[in-house]
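Structure assessment
Take a look at the letters that make up each chain.
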Amino acid sequence: TLSSSSAASDVYKRQVLLNLFAFELYKTKFVKLSKTHVFKALNEVYKRCSGGFSVVTLVSGIGIVAFRDHHGIRPLSIGRNKDSYMISSESSALSSMEFELLRDVAPGEAIIIGLDGNVLSGIASFCKVTVPDVVEKLARLILNFKSSI
């Protein structure tokens, strides 16, 4: 059996989540897939899922799709370097690749970086209570402290 904290378990959870997302996209009965279909499918995913997750995936014909659980349990950040965007679960990955942190993805928010490079975001679901990732918060405090010295 897999423990809930194992890396293999996290991969399995993401596979289930992405399969659910694909199924919800299919249920929109699109003729030509659009960003509206993606947001509609994600609304259904949020209705059926609980717990913490942050997902970044590529959707053919749409672009990069990223979404975060509606409680904000798992971190997700977006950064920019000139005309390029990067989405990561750790903001330190952005800085190590010389991307400027734009912001954290809000709880329940979905972001689409389209094939044209435009960024579209929307709240698929939301919850007033957020639980920040303790490691991420500590890392930011340390970075802020170091930069103030």
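Residues numbered from 1 in each chain as written. Predicted model: local features only at pLDDT ≥ 70, side-chain atom pairs only at ≥ 80, totals over all residues. Heavy atoms only, no water.

1. Overview of the nonpolar core
Soluble, globular proteins show a tendency: their nonpolar side chains are buried together. By size, the foremost hydrophobic cluster in this structure holds 21 residues, and its most contacted members are F21, V38, L42, V65 and F67. For this core, the secondary structure elements donating two or more residues are helix 1 (7-27), helix 2 (35-48), strand 1 (54-59), strand 2 (63-68) and strand 6 (109-114). In terms of residue count, the dominant contributor to this core is helix 2 (six residues). Once residues lying within four places of it in the same chain are set aside, the contact partners of L42 are F21, V65, F67, A110 and A124. L76, I87, I111 and I113 belong to the second largest nonpolar core, which has seven residues in total. (Core = buried A, V, L, I, M, F, W, Y, C linked by side-chain atoms within 4.5 Å. Buried < 20%, exposed > 50% of the residue type's maximum accessible area, 1.4 Å probe, protein only. Helix = DSSP H or I, 4+ residues; strand = E, 2+ residues; numbered from the N terminus. Contact = heavy atoms within 4.5 Å.)

2. Focus: the confidence of the model for the chain
Regions with low pLDDT should not have their predicted coordinates read in detail. Taken as a whole, the chain shows an average pLDDT of 85; of its residues, 81% reach a score of 70 or greater. Taken element by element, the chain is modelled with least confidence in helix 4 (residues 134-148), mean pLDDT 65, and with most confidence in strand 3 (residues 77-81), mean pLDDT 97. Across residues 126-131, where pLDDT falls below 50, the model places ten contacts with residues more than four positions away in sequence or in other chains. (pLDDT = per-residue confidence, 0-100.)

3. Quick word on a nonpolar patch on the surface
A surface patch of nonpolar side chains, amounting to about 270 Å² of accessible area, comprises V56, L58 and I64. Its location among the elements puts I64 in strand 2. (Patch = residues over 30% accessible without salt bridge, like charges linked within 9 Å, V, L, I, M, F, W, Y side chains within 5 Å. Areas by Shrake-Rupley, 256 points an atom, 1.4 Å probe, with all protein chains shown as cover. Salt bridge = Lys/Arg side-chain N within 4 Å of Asp/Glu carboxyl O.)

4. Things to note about the sheet that holds strand 3
For sheets, the rule is that strands pair by backbone hydrogen bonds, running either parallel or antiparallel. Pairing in this open sheet of three strands is antiparallel, and the strands run 4-3-5 from one edge to the other. If you trace the sheet from one side to the other, it starts and ends with strand 4 (84-88) and strand 5 (100-104), each paired once. Neighbour-to-neighbour, the strand axes of this sheet turn through a mean angle of 25°, independent of strand direction. Direction of pairing for strand 3 relative to strand 5: antiparallel, over a ladder of four bridges. Bridge pairing in strand 5 places I78 opposite R103. (Pairing = 2+ DSSP bridges. Axes fitted to C-alpha atoms, helices over the stretch in contact; angles between N-to-C directions.)

5. Examining the packing of aromatic side chains
A complete count under the given rule lists five aromatic pairs for this structure. Summarising the aromatic geometry, the rings of F53 and F67 are spaced 6.1 Å apart at their centres and angled 70° between planes, so their arrangement reads as edge-to-face. Of the two residues, F53 sits in the loop between helix 2 and strand 1 while F67 sits in strand 2, which places them 14 residues apart along the sequence. Per residue, the accessibility class of F53 equals that of F67, and both read buried. (Phe/Tyr/Trp six-rings, centres within 6.5 Å; stacked < 30°, edge-to-face > 60°.)

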